[in-house]
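Results of the structural survey
Here is how the chains run, residue by residue.
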Amino acid sequence: MQQIEASEPFYQISQAAKLLGITSDRLRTYEEEGLIKPYRTKHSQDGKRLFSQNDIEWLTMIRDLIKLGVSIPAIRILLVAKFPANNTKLKEKDKEIISLVEQLKSHVVYSTTFK
């Protein structure tokens, strides 16, 4: 049996939304806000959105930031911001947010979405 590469577009929007526990409309919002660039098929006029396993991992971190109370505009700002290392004055929630943002910046999807 052939394995699917993590970067290969595979999940339709409804499947991706179900995996993430969010709505398809929320995924469309993430795309409109520039947080994700799903693969678009060329078979139909609009092109179906397809998400890879890498996209699902990326979106899981985005979802987790939103659950922590970070807004979409703030996420975009955080993704281009530089953070001082080992700032002892940060609150635990801030540390968790910065940790998630650093994971996003090191993720393969970051280079295709923000560069």
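Now for a quick tour of the structure. (Residues numbered from 1 in each chain as written. Predicted model: local features only at pLDDT ≥ 70, side-chain atom pairs only at ≥ 80, totals over all residues. Heavy atoms only, no water.)

**A short note on the environment of Leu35**
Note that Leu35 resides in the loop between helix H2 (24-32) and strand E2 (39-40). Residue Leu35 is classed as buried on the basis of its relative accessible area of 0%. As for Leu35 and Pro73, which are separated by 38 residues in sequence, their C-alpha atoms are 9.6 Å apart. Ignoring sequence-local partners within four residues, the contact set of Leu35 consists of Tyr30, Trp58, Ile62, Ile72, Ile75, Arg76, Leu79, Thr113 and Phe114. (Helix = DSSP H or I, 4+ residues; strand = E, 2+ residues; numbered from the N terminus. Buried < 20%, exposed > 50% of the residue type's maximum accessible area, 1.4 Å probe, protein only. Contact = heavy atoms within 4.5 Å.)

**Some remarks on the packing of aromatic side chains**
Scanning all chains against the criterion turns up 2 aromatic pairs. Summarising the aromatic geometry, the rings of Phe10 and Tyr11 are spaced 5.0 Å apart at their centres and angled 85° between planes, so their arrangement reads as edge-to-face. Judged by centre distance (6.4 Å) and plane angle (45°), the rings of Trp58 and Tyr110 are tilted. With a gap of 52 residues between them, Trp58 in helix H3 (residues 53-67) and Tyr110 in helix H6 (residues 108-113) connect regions that are remote in the sequence. By relative accessible area, Trp58 is classed as buried at 0%. On the basis of relative accessible area, Tyr110 is assigned to the buried category, the value being 11%. (Phe/Tyr/Trp six-rings, centres within 6.5 Å; stacked < 30°, edge-to-face > 60°.)

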